[in-house]
Amino acid sequence: MQLVTVDIGGTHARFALATVRDDGEIELGEPATLHTRDHASFQTAWEDFARLQGGSLPDAVAIAVAGPVGGEVIRFTNNPWIIRPALIPEKLGVSRYTVVNDFGAVGHAVARAGDEHFVHLTGPETSLPASGTISIVGPGTGLGVAHVWRDGEGDYRVQPTEGGHIDFAPLDSIEDAILARLRQRYRRVSVERVVSGPGLVDIHEALAGMEGRAIQPTDDKSLWQLGLSGEDSLAAAAVDRFCLSLGAVAGDIALAQGAGGVVIAGGLGLRIRDTLLRSGFAERFRAKGRFSELMAALPVKLITHPQPGLYGAAAAYAAEHLS
């Protein structure tokens, strides 16, 4: 069967046609990326995608949204769209639909994607476990956290969480300084204030303050470019510190969830892949005191699927309607 799969964030809405084959495999068509700011509503973006496809679409849709999905109204933090799930059939002209949290969709992608869509970061170079829990941590605009539980016989369950909002725990004097700076701005400092794309700005400013440098205002996109290229030594130090903190947080999540394996997800994770491999990420992931040996035994992967949100949304639809 065919369906439309959609991944909606604050800035972009990605659409694609997906085919679910009789054997359960999912094939994605060429994605189309639309800017949310260019469309008054999700419905008008849907109609735009329909025009791109020649005017007609399948009568089933899977939608991944960046936010909670359980209520009668879905609102987005960084765009003015509103989705009322009960009105989806009427507004879009579909007979069946699935709405899933965006990181829940990533969880489905992790559960379904083949080994070719993962690269090794640390731990034993084995496949992700076929049974038990796999923790998923995804730095981006925020910090997504989820886990997948596999039963060892091909079935699985996905649980999105708000694990990105647990308290940030500094592990050395530099992170003490980062936390102190963030406390001047926020009453409570969660891990996603540090381990996220925008968090690099605060890390950089804290490092500048430690050295008595004047803080030059800049956006996180420019700072990532400077840090990853090595053009600016302080920006590079901020990127390295980010990788350390990501390793520590990923290890904490794995301990809390009882994971047998860990996946780093998100566009940012893919972008900094080579930097992660050279950084102290692995050391910080393992550095859990009496549980260091346990952590060293966990395979840690980076998912490289080009569209995990679209693929995972389609997989969520298949799990709900085609099982």
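Structure first, text after, so check above.
Source: prediction; values computed, not measured. (Residues numbered from 1 in each chain as written. Predicted model: local features only at pLDDT ≥ 70, side-chain atom pairs only at ≥ 80, totals over all residues. Heavy atoms only, no water.)

Caption draft 1: Just the overall build of the protein, in detail. Along its length, the protein carries twelve helices and 14 strands. In terms of overall dimensions, the protein has C-alpha extents of about 60 × 45 × 35 Å along its principal axes. Across the 323 residues that make up the protein, the buried fraction comes to 48%. Sequence separation of at least 24 residues holds for 67% of the intrachain contacts in the protein that already meet a minimum separation of 6. Considering the protein, the positive charge centre built from 28 side chains and the negative charge centre built from 38 side chains are found 5 Å apart. (Helix = DSSP H or I, 4+ residues; strand = E, 2+ residues; numbered from the N terminus. Buried < 20%, exposed > 50% of the residue type's maximum accessible area, 1.4 Å probe, protein only. Contact = heavy atoms within 4.5 Å. Lys, Arg positive; Asp, Glu negative; His and termini not counted. Charge placed at Lys NZ, Arg CZ, Asp CG, Glu CD.)

Caption draft 2: The layout of surface pockets, seen in detail. Of the voids in this model, the second largest pocket is the one considered here, and its volume is about 300 Å³. In this structure, the second largest pocket is lined by 15 residues; those nearest its centre are Ala111, Arg112, Gly154, Asp155 and Tyr156. Put simply, the parts of the chain that give the lining of the second largest pocket at least two residues each are helix 3 (102-112), strand 11 (143-151) and strand 12 (156-161). The residue makeup of the lining of the second largest pocket, split by class, is five nonpolar, four polar and six charged. (1 Å grid on protein atoms, 1.4 Å probe; cavity = no way out; pocket = protein on both sides within 12 Å on 5 of 7 lines; lining within 4 Å. Points joined across faces, edges and corners; volume = space filled by probe spheres on them. Nonpolar A, V, L, I, M, F, W, Y, C, P; charged D, E, K, R; others polar.)

Caption draft 3: Up close: the pairing of strand 11. When strand 10 (residues 131-139) meets strand 11, the two strands line up antiparallel, connected through nine bridges. Looking at strand 11, one finds that Gly138 is bridged to Gly144. Connecting the antiparallel pair strand 10 and strand 11 is a turn made up of three residues. With six bridges joining them, strand 11 and strand 12 adopt antiparallel strand pairing. Bridged to Val145 within strand 12 is Thr161. Taking the residues that link successive antiparallel strands as the turn, the strand 11-strand 12 hairpin has four residues, and the phi of Gly152 there is positive, at about 85 degrees. (Pairing = 2+ DSSP bridges.)

Caption draft 4: View of the sheet that holds strand 12. As summarised here, the arrangement of the six strands in space is 9-14-13-10-11-12, forming an open sheet in which the pairing is mixed. Only two strands of the sheet have a single partner each, and these edge strands are strand 9 (118-122) and strand 12. Neighbouring strand axes in the sheet, compared pairwise and without regard to direction, differ in orientation by 25 degrees on average. (Axes fitted to C-alpha atoms, helices over the stretch in contact; angles between N-to-C directions.)

Caption draft 5: Molecular detail of the pattern of salt bridges. Counted by the stated rule, this structure contains 14 salt bridges. Across the pair Arg284 and Asp172 runs a salt bridge whose closest N-O atoms are separated by 3.3 Å. Of the two residues, Arg284 sits in helix 10 (residues 281-286) while Asp172 sits in the loop between strand 12 and helix 4 (173-183), which places them 112 residues apart along the sequence. The class of Arg284 is buried, set by a relative accessible area of 12%. A residue is classified by how much of its surface remains accessible, and Asp172, at 25% relative accessible area, is partly exposed. Put simply, Glu205 and Arg181 hold a salt bridge, and the shortest N to O gap is 3.4 Å. Residue Glu205 is found in helix 5 (residues 199-210), and its partner Arg181 is found in helix 4; the two are separated by 24 residues along the sequence. Several salt bridges converge on common partners, so that one network encompasses Asp172, Glu175, Arg241 and Arg284. (Salt bridge = Lys/Arg side-chain N within 4 Å of Asp/Glu carboxyl O.)

Caption draft 6: Representation of helix 1 (residues 42-52) within the structure. Of all the residues in helix 1, the buried ones are Phe42, Ala45, Trp46, Phe49 and Ala50. For helix 1, the buried positions fall inside an angular range of 145 degrees around the axis, keeping them on one side. Where helix 1 is buried, its residues meet strand 1 (2-8), strand 2 (12-20), strand 4 (32-35), strand 5 (60-65), strand 7 (82-83) and helix 2 (88-92). In this structure Ser41 caps helix 1, since a side-chain oxygen of it lies 3.3 Å from the backbone nitrogen of Gln43. (Arc of directions from axis to C-beta. Polar contact = N/O pair within 3.5 Å; in protein donor to acceptor, adjacent residues only side chain to side chain.)

Caption draft 7: Just a nonpolar patch on the surface, in detail. On the surface, Leu255, Phe291 and Leu294 cluster together to form a nonpolar patch covering roughly 260 Å² of accessible area. Inspection of the secondary structure assignment puts Leu255 in helix 7 (residues 233-257). The class of Leu255 is partly exposed, set by a relative accessible area of 34%. (Patch = residues over 30% accessible without salt bridge, like charges linked within 9 Å, V, L, I, M, F, W, Y side chains within 5 Å. Areas by Shrake-Rupley, 256 points an atom, 1.4 Å probe, with all protein chains shown as cover.)

Caption draft 8: Quick peek at the environment of Phe242. Tracing the backbone shows Phe242 in helix 7. You can call Phe242 buried: its relative accessible area is 0%. With 47 residues separating them along the chain, Phe242 and Val195 place their C-alpha atoms 6.3 Å apart. Residues in contact with Phe242, not counting those within four places in the same chain, are Pro139, Val194, Val195, Ser196, Leu200, Ile203, Trp224, Leu268 and Ile272.

Caption draft 9: Focus on the pairing of strand 2. As paired strands, strand 1 and strand 2 are joined by seven bridges and run antiparallel to one another. Directly across from Thr5, in strand 2, lies its bridge partner Ala16. As consecutive antiparallel partners, strand 1 and strand 2 are separated by three residues. Across four bridges, the pairing between strand 2 and strand 4 is antiparallel. Following the sheet pairing, Ala13 is matched in strand 4 by Leu34. Across three bridges, strand 2 lies against strand 3 (residues 26-28) in antiparallel orientation. Residue Ala18 lies in a different strand from strand 3, and its bridge partner there is Leu28. As consecutive antiparallel partners, strand 2 and strand 3 are separated by five residues, and within that stretch Gly24 has a phi angle of approximately 90 degrees, a positive value.

The analysis is restricted to geometry; functional conclusions fall outside its scope.
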